[in-house]
Structures are given as C-alpha cells and as structure tokens.
Amino acid sequence: MVNAIVETIRLAVTELPEDVVEALKRAYSEESDRIARFNLRNILKTVEIGRKDGIPICQDTGTLTFFVEVGVESPFLGEVEGWIVEAVRRATMEIPLRPNAVDLLTNRNSGDNTGRFVPVIHWEPVEGDSLRIALLPKGGGSENCSALAMLSPGEGRDGIKRFVMERIRECGGKPCPPVILGIGIGGSADMALLLAKKALLRPLGVRHENGEIARLEEELLESVNSLGIGPMGMGGKTTALDVKVEYAHRHPASLPVGLIVQCWAHRRAFLEIESDGSTRIWQ
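Enquirer: Is there a simple way to think about the packing of aromatic side chains in this case?
Expert: What characterises a pair of aromatic rings is the spacing of the ring centres plus the angle enclosed by the ring planes. Tallied over the entire structure, the rule returns two aromatic pairs. For the ring pair Phe 76 and Trp 83, a centre distance of 5.3 Å and an interplane angle of 50° mean the geometry is tilted. The class of Trp 83 is buried, set by a relative accessible area of 14%. Relative to Trp 282, the ring of Phe 270 has its centre 5.5 Å away and its plane inclined at 20°; by these criteria the two rings are stacked. Of this pair, Phe 270 sits in strand β8 (residues 269-273) while Trp 282 sits in strand β9 (residues 279-282), placing them 12 residues apart in sequence.

Right, here's the structure in full:
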C-alpha cells in the first residue's frame, strides 16, 4: 500500500488535474493583456513539462495534506497512518520532493517531509470497509495568504465578501495567482478553516449543491476577478480560477469565516483502497 500512496503523491505533484488545466487555458484564451497572456502561457508550458518529464510542477512541493475517509470495518484501519508517513518519506527521496518540514524550536529541517503533526492527516470515519485518501499538496506562498475572520452574525453576506476581498487585495501577487479560493463559513474557528481547505477538493466549475451557496461562489468569483490583480499579480482579467464555499451551522453569537488560498498549481489526487487490497488512483 505504501507504493500506491507514493504513486498518488507522484501523480499529484507532477500532473495538474484536467479541470485546472482547462481553466488555465480558458483564462489564456479570454485574456487581452499582453503581460497576463505571457504569464499564463508560461504557466501552461510549466504544466506540460511536468507532465511530459514526470517532474514536480513547482519547486515548492508543499506540505502534504491528507483527508482520509476511513471505513470503520476496513481491515487496514490501524495501518494506514504508518503507510502514509512511510510513503511521504519515500516520495521525498524518489520523486523527489523538496523537504518542507522544519522544527519550530530548532529550525532544523527533518529532510523527509515528516515531523510533529506532519504530514497533515485529517480523519473522517465512514461506513463500510474501504479507505479513500484525498491528497492536497499545499504550497507555502499561497498558504501564507490564508486567514480567519470571526465576524459578528449581523455582518452576514456583506461581511463575508468584504473580508475575502480585503484579504485578496492585500495579498496581491504573493499567492501566485490565478488562485483558487476555499471558503468555510460557520461552525467553529477550526471547523471553518478545515471546511475551506476541504472545499478545494471539489472540481473547478462544479457549484455547491445548495443554490444559495452556489450563487455566493459565483458572486465572490466575479468580485475577486474585478480586482485586476491578474496572473502572478501583474494585471489581467483572471485573478481567481474558481471559488469553493462550504458551510456548517454556527453558534448564535459567531460567524466564523475561514479563507484558504490555493495557487494556480492546484495539485490534488485521490486513492481508494478496498478491503481486498485492490487500489485505484485518480485526479
């Protein structure tokens, strides 16, 4: 199973999912600004080189974040965490990945992308006997622009929009736009940020099943693109490729809003492990 996880990591960091590639191509075809077109053309060249040569799309291969839906009847329940950690160590050497795990107290790099609470693993027990692992490599530049706002409930929709717009305007070109935004609304502070990150697993162009949330996604996407930050922060029509919103019930006194910013290299991959040991990897 370690081999399967290594190959899932390899797919994620060397090949951009087709929905992201198509969104970048569409942005290029609709762009009239000369510098913006130049930047998008170079991004698309980078994507092609990574796919063709089997090398990481970006030198920052990120913090590897795993979302594990684990069937409570899976025979591998007690083994999967060990598999993930070992796969990250092997992938770091074999692909290779840039070592991105630094000890907070000593500033020493572990050298293999593992350490205290790293790789990041989020667990969700589900019915059944299969395991589903979603991998989201998260680059540091875009992660630095993520933020949490604890709004008062009275600020509502307008407050949410204002927070997102102010943060994206403040960050400008730092997160390597065009970006994809994950936004979590409600729950607690930690839940809002987790929902925001998990929302990024939804394919680009696929709207939320709740019509009101879907409209909010579209409104935020239009507003962010009106900022004119553009590809790599040098101006243009496309500052964001998409916006994904997820929500939870909230406390009467709180309106948490988590914002997770993802760069243009929106890398992700999925692995399913059945109880008989068979596997499937996809994007």
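Enquirer: Which parts of the structure should I look at to understand the nonpolar core?
Expert: Ile 5, Ile 9, Phe 66, Ile 84 and Ile 133 are the most contacted members of the largest nonpolar core, which has 28 residues in total. Of all elements in the fold, only α1 (2-14), β1 (63-71), α4 (80-94), β3 (131-138) and β8 reach the threshold of two or more residues within this core. It is α1 that provides the largest number of residues to this core, a total of eight residues. Among residues more than four places away in sequence, those in contact with Ile 9 are Leu 64, Phe 66, Ala 87, Val 88, Ala 91, Ile 95, Leu 97 and Leu 135. One finds Ile 160, Val 164, Ile 185 and Val 243 within the second-largest nonpolar core, a separate group that totals 27 residues.

Enquirer: Mind showing me how you'd approach the sheet that holds β8 here?
Expert: Sheet strands pair via backbone hydrogen bonds, and the direction of the pair is either parallel or antiparallel. Taken in spatial order, the five strands line up as β2-β1-β3-β8-β9 in an open sheet, and their pairing is mixed. Each end of this open sheet is capped by a strand with a single partner; those strands are β2 (120-126) and β9. Ignoring which end each strand starts from, the neighbouring axes of this sheet average 15° apart. Relative to β2, β1 is paired through seven bridges, and the arrangement is parallel. Across the sheet, the residue bridging to Gly 71 is Val 126, located in β2. Each of β1, β2 and β3 touches helix α7 (residues 189-199); the most contacted strand, β1, lies at about 90° to it.

Enquirer: How should I be thinking about the sheet that holds strand β4 (residues 147-151) in this particular structure?
Expert: Strand order in the open sheet formed by four strands is β4-β7-β5-β6, and the pairing between neighbours is mixed. The sheet is open, and its two edges are formed by β4 and β6 (240-250), each paired on a single side. The mean inter-strand angle of the sheet, taken between neighbouring strand axes irrespective of direction, is 15°. Strand direction decides the pairing type here: strand β5 (residues 179-187) and strand β7 (residues 255-262), joined by six bridges, are antiparallel. Among the inter-strand pairings, Leu 181 is bridged to a residue of β7, identified as Val 261. Docked against the sheet, α7 engages β4, β5, β6 and β7, running at close to 35° with respect to β7.

Enquirer: Honestly, the packing of helix α6 (residues 156-171) against helix α8 (residues 211-225) in this entry has me stumped. Any pointers?
Expert: Relative orientation and spacing of two packed helices are given, respectively, by the angle between their axes and the distance between those axes. For the pair α6 and α8, the least separation of the axes is 11 Å and the interaxial angle reads 35°. Helix-helix and strand crossings are classified by hand; for α6 and α8 the assignment is right-handed. On the side of α6, the interface is formed by Arg 157, Lys 161, Val 164, Met 165 and Ile 168, while α8 contributes Glu 212, Arg 215, Leu 216, Glu 219, Leu 220, Ser 223 and Val 224. Considering only residue class, the contact of α6 with α8 consists of six nonpolar, one polar and five charged.

About the cut-offs
Residues numbered from 1 in each chain as written. Predicted model: local features only at pLDDT ≥ 70, side-chain atom pairs only at ≥ 80, totals over all residues. Heavy atoms only, no water. Phe/Tyr/Trp six-rings, centres within 6.5 Å; stacked < 30°, edge-to-face > 60°. Buried < 20%, exposed > 50% of the residue type's maximum accessible area, 1.4 Å probe, protein only. Helix = DSSP H or I, 4+ residues; strand = E, 2+ residues; numbered from the N terminus. Core = buried A, V, L, I, M, F, W, Y, C linked by side-chain atoms within 4.5 Å. Contact = heavy atoms within 4.5 Å. Pairing = 2+ DSSP bridges. Axes fitted to C-alpha atoms, helices over the stretch in contact; angles between N-to-C directions. Left-handed = near helix turned anticlockwise from the far one by under 90°. Nonpolar A, V, L, I, M, F, W, Y, C, P; charged D, E, K, R; others polar.

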